[in-house]
Amino acid sequence: MVAWSNVRKFTAVALGTGAGLGAYLYHRLRSDERKVHALWTNSDTAVNPYALWDSNWDYRSPRYLVKPIGNTTTQEADRYNNDLERVTPRSVRHIILVRHAEYLHAGDSDDTHNLTLRGCVQAKYTGRRLRELGVRWDKIIISTMTRAQETADIILKEIDFDPERLVNCSYIREGAPIPPQPPVGHWRPPKAFFRDGARIEAAFRRYFHRAFPTEKEDTYTLIVGHGNVIRYFVCRALQFPPEAWLRININHASITWLTIHPSGNVTIECLGDSGFMPPEYLTNRVPVLSKAF
């Protein structure tokens, strides 16, 4: 009888311990999901804190824009909630980036880097595709470099826009934004990155952010620029390592579409889309003089 009593006590303790351990593990998995990671990646935030999404990447997260709650009174809670409501975005920002069309690298001056005949056709296809989207362009931003200006001139003939919403911007001129990984030998000297990097980063901060709280409808911004700049923008907006920009390839006159949600989350709708062009017009490299189309 004593033996049977001991067995019952042992069983009860074992069951209780198992139930407690199970509850503990369930609670840990449910309450701290950030610690669940794939062993074959570097998503363990204890090792790589950059694996977490920074919700305040544009410094416009509402809770950072209002005065924190100072006490536990109802009046203070109402004040905080009203302030939060006032600065919270409600609309979506769409940023559509177009790389310039194919151009001829003739001479050392930007003035002589004109579009090829094939590049002109590429830009026309892109303009038609943008027109098919049927959106109202809230702003059009164009690099001041010749190849981007000529590409934009052709595109603008195909779409409806308000000339007063057009901006020529030197910040998005082509350049070397940041030393790439893996390294590329011909860009090893750092002077190019010191010269271009801060300018391109400033352009990103100027144009990439969530909507203003006063905007009630979704907005559409068109940017006509350059391959290096667009690839860097994509990495920065998606919070990928910006050093990875050179691992991405996009065709001439292709369309890249990024969407910034009111929460600050960013999604990519398409990257370097050029499927609206016939195959013979798909290019991504500057042609040699003797092989110009």
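Residues numbered from 1 in each chain as written. Predicted model: local features only at pLDDT ≥ 70, side-chain atom pairs only at ≥ 80, totals over all residues. Heavy atoms only, no water.

You'll find the protein chain entered in an unreviewed UniProt entry as Serine/threonine-protein phosphatase PGAM5, mitochondrial, with Glossina morsitans morsitans given as the organism. The heading Sequence similarities (unreviewed entry) in the UniProt record of the protein chain holds the text "Belongs to the phosphoglycerate mutase family. BPG-dependent PGAM subfamily." As stated in UniProt under Subcellular location (unreviewed entry), the record for the protein chain gives "Mitochondrion outer membrane". (UniProt positions renumbered as here; feature names shortened; annotations may be inferred.)

1. Examining the nonpolar core
Within the largest apolar cluster, 28 residues are counted, with the highest numbers of intra-cluster contacts made by Leu97, Ile172, Phe208, Phe233 and Leu258. At the level of elements, β1 (93–99), α5 (191–207), α6 (227–237) and β5 (255–260) are the ones that each hand at least two residues to this core. At seven residues, α6 tops the list of elements feeding residues into this core. Excluding its chain neighbours within four sequence positions, the residues that come into contact with Ile172 are Ile141, Ile142, Ser143, Arg199, Ala203, Tyr207, Ile223, Val224, His226, Val229 and Phe233. (Core = buried A, V, L, I, M, F, W, Y, C linked by side-chain atoms within 4.5 Å. Buried < 20%, exposed > 50% of the residue type's maximum accessible area, 1.4 Å probe, protein only. Helix = DSSP H or I, 4+ residues; strand = E, 2+ residues; numbered from the N terminus. Contact = heavy atoms within 4.5 Å.)

2. Looking at the packing of aromatic side chains
Tallied over the entire structure, the rule returns six aromatic pairs. Ring centres of Trp57 and Phe204 lie 6.2 Å apart, and the angle between their planes is 45 degrees; this geometry places the pair in the tilted category. Of this pair, Trp57 sits in the loop between α1 (2–31) and α2 (74–87) while Phe204 sits in helix α5, placing them 147 residues apart in sequence. Measuring from centroid to centroid gives 5.1 Å for Phe208 and Phe233, while their planes differ by 55 degrees, and the two rings are tilted. Taken as a pair, Phe208 in the loop between α5 and β4 (219–225) and Phe233 in helix α6 lie far apart in primary sequence, 25 residues in all. Like Phe208, the residue Phe233 is buried in the burial classification. Among the aromatic side chains, those forming a connected cluster through ring pairs are Trp57, Phe204, Phe208 and Phe233. Directly above the aromatic system of Tyr103 lies the positively charged group of Arg147, at a separation of 4.3 Å from the ring centroid. Positioned over the ring face of Tyr171 is Arg206, at 4.3 Å from the centre of the ring. (Phe/Tyr/Trp six-rings, centres within 6.5 Å; stacked < 30°, edge-to-face > 60°. Lys NZ or Arg CZ within 6 Å of the ring centre and 35° of its normal.)

3. A word on the packing of helix α3 (residues 117–133) against helix α4 (residues 146–156)
Across the interface, α3 lies against α4 with an axial gap of 8 Å and an inter-helix angle of 45 degrees. When the axis of α3 is compared with that of α4, the two are oblique. You can see that α3 and α4 cross each other, and the crossing is right-handed. Within the contact between the two elements, α3 uses Cys120, Ala123, Lys124, Thr126, Gly127 and Leu130 and α4 uses Thr151, Ile154 and Ile155. Its residues placed into classes, the contact of α3 with α4 shows five nonpolar, three polar and one charged. (Axes fitted to C-alpha atoms, helices over the stretch in contact; angles between N-to-C directions. Parallel < 35°, antiparallel > 145°, perpendicular 65-115°, else oblique. Left-handed = near helix turned anticlockwise from the far one by under 90°. Nonpolar A, V, L, I, M, F, W, Y, C, P; charged D, E, K, R; others polar.)

4. A word on the packing of α5 against α6
Contact geometry of α5 with α6 gives a least axis separation of 10 Å together with a crossing angle of 55 degrees. It follows from the interaxial angle that α5 and α6 lie oblique. In this structure, α5 meets α6 at a crossing whose hand is right-handed. Of α6, the residues touching α5 (which contributes Ile200, Glu201, Ala203, Phe204 and Arg205) are Val229, Tyr232, Phe233, Arg236 and Ala237.

5. Some thoughts on the environment of Gly225
The residue Gly225 is located in strand β4 in this model. Between the alpha carbons of Gly225 and Arg99 there is a distance of 5.2 Å; along the sequence they are 126 residues apart. Contact partners of Gly225, with chain neighbours within four places excluded, come to Val98, Arg99, His100, Ser143 and Ile230.

6. Quick look at the pairing of β1
Within β1, seven of the seven residues are buried, which leaves the element mostly enclosed by the surrounding structure. Residues Arg93, Ile95, Leu97 and Arg99 line one face of β1 and the alternating positions His94, Ile96 and Val98 line the opposite face, and both faces are buried. For β1 and β4, the ladder comprises seven bridges, and the chain directions are parallel. For Leu97, the partnering residue across the bridge sits in β4 and is Ile223. As judged from the six bridges shared by β1 and β5, these two strands associate in the antiparallel manner. Following the sheet pairing, Arg93 is matched in β5 by Ile260. (Pairing = 2+ DSSP bridges.)

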